[in-house]
Amino acid sequence: QYGSRSVPFPIAVDPTLNAYEAYGIEYSTPGMLLSFIHPRAMWAFFTGNMPGKMDGDIRTLPADFLITPDGKVAEVYYSSNITQHLSLNAIREFAK
């Protein structure tokens, strides 16, 4: 479950930031600030899609990891701002 949407795979979170540190995920003030004027973020804002409460350092940049059932990291995507993630097509292909 991701919010109110069901997804066909588990989603893991890292509230202790152990994975963030282990995988070298970065913090960026410019990346965070540029996210607010990014066209995707502006479109989301003007269509009523506001971000939820953010825990921790808001400068933390996202990273997406696709992990196989046997625990191997198949793909990694490091973002340069908070609007970037792996494409849904890449995730769907991986989930097949």
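S.K.: I'd love a proper account of the packing of helix H2 (residues 29-37) against helix H3 (residues 39-46), names of residues and values included.
M.R.: Look at H2 against H3: their axes get within 5 Å of each other, and the N-to-C directions meet at 50°. Considering their axes alone, H2 and H3 lie oblique with respect to each other. Of H3, the residues touching H2 (which contributes Ser-35, Phe-36 and Ile-37) are Pro-39, Ala-41 and Met-42.

S.K.: Explain the pattern of salt bridges residue by residue, including any values.
M.R.: The final tally for this structure, using the stated rule, is two salt bridges. Between Lys-72 and Asp-70 there is a salt bridge whose closest N-O contact spans 3.8 Å. Looking at Lys-72, the relative accessible area reads 54%, which means it is exposed. What makes Asp-70 exposed here is its relative accessible area of 54%. Here Lys-96 ties to Glu-93 by a salt bridge, and the two come within 2.9 Å at their closest N and O atoms. For Lys-96, a relative accessible area of 75% translates into the label exposed.

S.K.: How would you summarise the packing of aromatic side chains if you had to cite specific residues and measurements?
M.R.: The description of an aromatic ring pair uses the distance of the two centres, along with the angle that the planes make with each other. Evaluation of the coordinates by the stated rule reveals two aromatic pairs. Measuring from ring centre to ring centre gives 6.1 Å for Phe-65 and Tyr-78, while their planes differ by 80°; the resulting arrangement is edge-to-face. With a gap of 13 residues between them, Phe-65 in strand E1 (residues 63-67) and Tyr-78 in strand E2 (residues 73-78) connect regions that are remote in the sequence. Here Tyr-78 falls in the partly exposed class, since its relative accessible area comes to 43%. Pairwise contacts between aromatic rings join Tyr-23, Phe-65 and Tyr-78 into one cluster.

S.K.: How would you summarise the environment of Leu-66 if you had to cite specific residues and measurements?
M.R.: Mapped onto the elements, Leu-66 comes out in strand E1. Residue Leu-66 is classed as buried on the basis of its relative accessible area, which comes to 8%. Measuring from C-alpha to C-alpha, the distance between Leu-66 and Val-76 comes to 6.5 Å, with 10 residues separating the pair along the chain. Ignoring sequence-local partners within four residues, the contact set of Leu-66 consists of Lys-72, Val-73, Ala-74, Glu-75, Leu-86, Ala-90, Ile-91 and Phe-94.

S.K.: Explain the confidence of the model for the chain residue by residue, including any values.
M.R.: With 89% of its residues at a pLDDT of 70 or more, the chain has an overall mean of 80. Of all helices and strands in the chain, the one with the weakest mean pLDDT is H3 (76), whereas E2 scores best (91).

Conventions and cut-offs
- Residues numbered from 1 in each chain as written.
- Predicted model: local features only at pLDDT ≥ 70, side-chain atom pairs only at ≥ 80, totals over all residues.
- Heavy atoms only, no water.
- Axes fitted to C-alpha atoms, helices over the stretch in contact; angles between N-to-C directions.
- Helix = DSSP H or I, 4+ residues; strand = E, 2+ residues; numbered from the N terminus.
- Parallel < 35°, antiparallel > 145°, perpendicular 65-115°, else oblique.
- Contact = heavy atoms within 4.5 Å.
- Salt bridge = Lys/Arg side-chain N within 4 Å of Asp/Glu carboxyl O.
- Buried < 20%, exposed > 50% of the residue type's maximum accessible area, 1.4 Å probe, protein only.
- Phe/Tyr/Trp six-rings, centres within 6.5 Å; stacked < 30°, edge-to-face > 60°.
- pLDDT = per-residue confidence, 0-100.

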